[in-house]
Amino acid sequence: MDKINVVSLFLFCCLFCVVYGSETNSKLNGQKQATDWCISRPNAPQDKLQAFIEYGCGIVDCSVIQPGGPCYDPNTVVSHANYVLDLIYYIQDSCDPDLGMITTVDPSYGDCKY
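My aim in this report is to walk through the structure given alongside it, one point at a time. In this convention, every chain numbers its residues from 1, walking through the sequence in written order. Only residues with pLDDT of at least 70 get local features here, since the model is predicted, and only at 80 or more are side-chain atom pairs given and counted; chain-wide, interface and lining totals rely on the full set of residues. With hydrogens and water set aside, each side-chain value is computed from the structure's full complement of heavy atoms.

Quick notes on the overall build of the protein chain
Threshold: Note on conventions: DSSP H or I runs of at least 4 residues are helices, E runs of at least 2 residues are strands, and numbering of each starts at the N terminus. Burial classes: relative accessible area under 20% of the type maximum marks a residue as buried, over 50% as exposed, and values in between as partly exposed (1.4 Å probe, protein chains only). Residue exposure ignores everything except the shown protein chains as possible cover, and the areas themselves are Shrake-Rupley values with a 1.4 Å probe.
Each helix and strand in the protein chain was counted, giving three helices and two strands. Written out in order from the N terminus, the α and β elements of the protein chain read α-β-α-α-β. Residues counted as buried form 31% of the 114 residues belonging to the protein chain. Per element, the accessible surface of the protein chain, about 7400 Å² overall, is 58% carbon and sulfur.

Here you go:
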């Protein structure tokens, strides 16, 4: 009987780890589970957004906004800045107050997941 309890406890712990691990996958693995996002302010200057994209892509992987990536289209500074602002927000827990704003509406579209 004790052997069954030990095996049951072991299996429960394994299941818990699998479930907990899948729920805490990071956005960097495409599994962000968020309730807010950082996107571009409507009045943010294009040149400042472009500079932020270049800065951000020096810190994070921006392959999704490169040609062929799921977030490349629409190929606009604002669209790409939205993705980079949010990724930096996710990593640093800070939305650039001059360029970004917080939204509770998921900006994901098609295969482009924020």
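So that's the structure; there's more coming.
What about the state of the cysteines?
The cut-off we apply is this: Any cysteine sulfur atom paired with another within 2.5 Å is treated as part of a disulfide.
What the rule picks out here adds up to three disulfides. Linked covalently through their sulfurs, C57 and C62 form a disulfide whose S-S length is 2.0 Å. On the S-S bond that ties C57 to C62, the torsion sits near -100 degrees, and the link is left-handed. Among the residues examined, C57 registers a relative accessible area of 27% and is labelled partly exposed. Disulfide connectivity for the protein chain, with bonded cysteines indexed by sequence position, reads 1-5, 2-3, 4-6.

Some remarks on the packing of aromatic side chains
So the rule is basically this: Here is the rule: rings of Phe, Tyr and Trp (six-membered ring for Trp) pair when centre to centre is within 6.5 Å. Planes less than 30 degrees apart are stacked, more than 60 are edge-to-face, and the remainder are tilted.
Going through the model one piece at a time under the given rule, you end up with two aromatic pairs. Plain terms: the ring middles of F52 and Y55 are 5.6 Å apart, the flat faces sit at 55 degrees to each other, and that makes the pair tilted. Of this pair, F52 and Y55 both sit in helix α2 (residues 46-57), three residues apart, roughly one helical turn. Of the residues examined, Y55 reaches a relative accessible area of 44% and is grouped as partly exposed. Here Y83 and Y114 contribute two aromatic rings whose centre-to-centre distance is 5.2 Å and whose plane-to-plane angle is 65 degrees, an arrangement assigned as edge-to-face. Within this pair, whereas Y83 is found in helix α3 (residues 77-92), its partner Y114 is found in the segment after β2 (100-103), the two being separated by 31 residues in sequence. With respect to burial, Y83 and Y114 carry one shared label: buried.

All quantities given are derived from atomic positions and should not be read as evidence of function.
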